[in-house]
Amino acid sequence: MLHARAIHGCLITPFPTPVYSHELDWAHMICVGLGYVFNNHALHRATHNHFRGAFLAYQKLTELGYRRIGLMLDQAQNSRVNYAWLGGYLAAQNTLAPARLEPLLTTGPAAPARVKAWVKRSRLDAVIGFGPKQFLALEQAGCRIPQDLAFAALDVEQTRLDHVEAVTGINQNLPLIGATAVDILASQLYHNEQGLPQRPVYSMIEGFWVPGRTAPAV
């Protein structure tokens, strides 16, 4: 269909679960990835700086007065960003806090008993999570947010889409990511750079902290 319509340039977007079950004809295409879609392919990409996002979330929570900050992620979410969220969290914990707390990495729906035990064992006063899945798992485990536990999302826009209002956390600056990807694609089209690049370039976009009701100052 792309060839029939003489479409040479494509922006390839990520999905919550992989949907690309077949290869494209890369040799005759000019493609730019948004985020880490087709993660095993050498694509030029525009993406949020996920490592910096996790570090910033931890840093801002410490500035608000939180000291025992946990990380809760789905393993699939973590691997899709090349483990950058985990890396940013561990770097922040090593740099900013004396506590060494084990993250909770899940492989499916988080059992309330497991979440509750993790929160109690680590004596957490705040949790960083990707978004709605972790927020709801904490609530299902009996944690009142923010009365019992603060919560910071690594993607506030996604969390709002799932009807969690006024969430605290990281805005990934998606409009700038999209605009940067279009600029990269336009340059490739101008130079007719078909096929997968030998040396792909990642353009990392900085997000920013958004105050909200889920992590008030203490």
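One structure accompanies this document, and this report is about it. (Residues numbered from 1 in each chain as written. Predicted model: local features only at pLDDT ≥ 70, side-chain atom pairs only at ≥ 80, totals over all residues. Heavy atoms only, no water.)

**Considering the overall build of the chain**
Check the secondary structure of the chain and you find seven helices and ten strands. Principal axes of the C-alpha set define a box for the chain whose edges measure 55 × 30 × 30 Å. Across the 218 residues of the chain, 48% fall into the buried class. Taking the intrachain contacts of the chain between residues at least 6 apart in sequence as the baseline, contacts between residues at least 24 apart amount to 68%. Positive and negative side-chain charges in the chain, numbering 18 and 15 respectively, have mean positions lying 10 Å apart. (Helix = DSSP H or I, 4+ residues; strand = E, 2+ residues; numbered from the N terminus. Buried < 20%, exposed > 50% of the residue type's maximum accessible area, 1.4 Å probe, protein only. Contact = heavy atoms within 4.5 Å. Lys, Arg positive; Asp, Glu negative; His and termini not counted. Charge placed at Lys NZ, Arg CZ, Asp CG, Glu CD.)

**A short note on the pairing of strand β7 (residues 150–153)**
In the case of a regular strand, side chains alternate between the two sheet surfaces. Residue alternation in β7 divides its side chains into two sets, Ala 150 and Ala 152 and Phe 151 and Ala 153, and both sets are buried. Note that strand β6 (residues 126–129) and β7 share four bridges and pair parallel. Bridge assignment links Val 127 to a residue of β7, and that residue is Phe 151. What joins β6 to β7 is helix α5 (residues 132–140), and the crossover it makes is right-handed. Relative to strand β8 (residues 168–171), β7 runs parallel, the two being bridged by two bridges. Paired with Ala 152 across the bridge in β8 is Thr 168. (Pairing = 2+ DSSP bridges. Right-handed = clockwise from strand over helix to strand, strands pointing away.)

**Describing the packing of helix α1 (residues 50–63) against helix α3 (residues 84–96)**
Contact pair α1 / α3: the axes reach a minimum separation of 7 Å and the direction vectors enclose 40°. On the basis of the axis angle, α1 is oblique to α3. When you trace α1 past α3, the crossing you get is right-handed. Contact residues: His 50, Phe 51, Ala 54, Phe 55, Tyr 58 and Gln 59 in α1; Ala 84, Trp 85, Gly 87, Gly 88, Tyr 89, Ala 91, Ala 92, Gln 93, Thr 95 and Leu 96 in α3. (Axes fitted to C-alpha atoms, helices over the stretch in contact; angles between N-to-C directions. Parallel < 35°, antiparallel > 145°, perpendicular 65-115°, else oblique. Left-handed = near helix turned anticlockwise from the far one by under 90°.)

**With respect to the environment of Val 164**
Mapping Val 164 onto the fold places it in the loop between α6 (156–161) and β8. Taking C-alpha positions, Val 164 is 8.4 Å from Phe 135, a pair spaced 29 residues apart along the chain. Those residues in contact with Val 164, other than ones at most four positions away along the chain, are Phe 135 and Thr 159.

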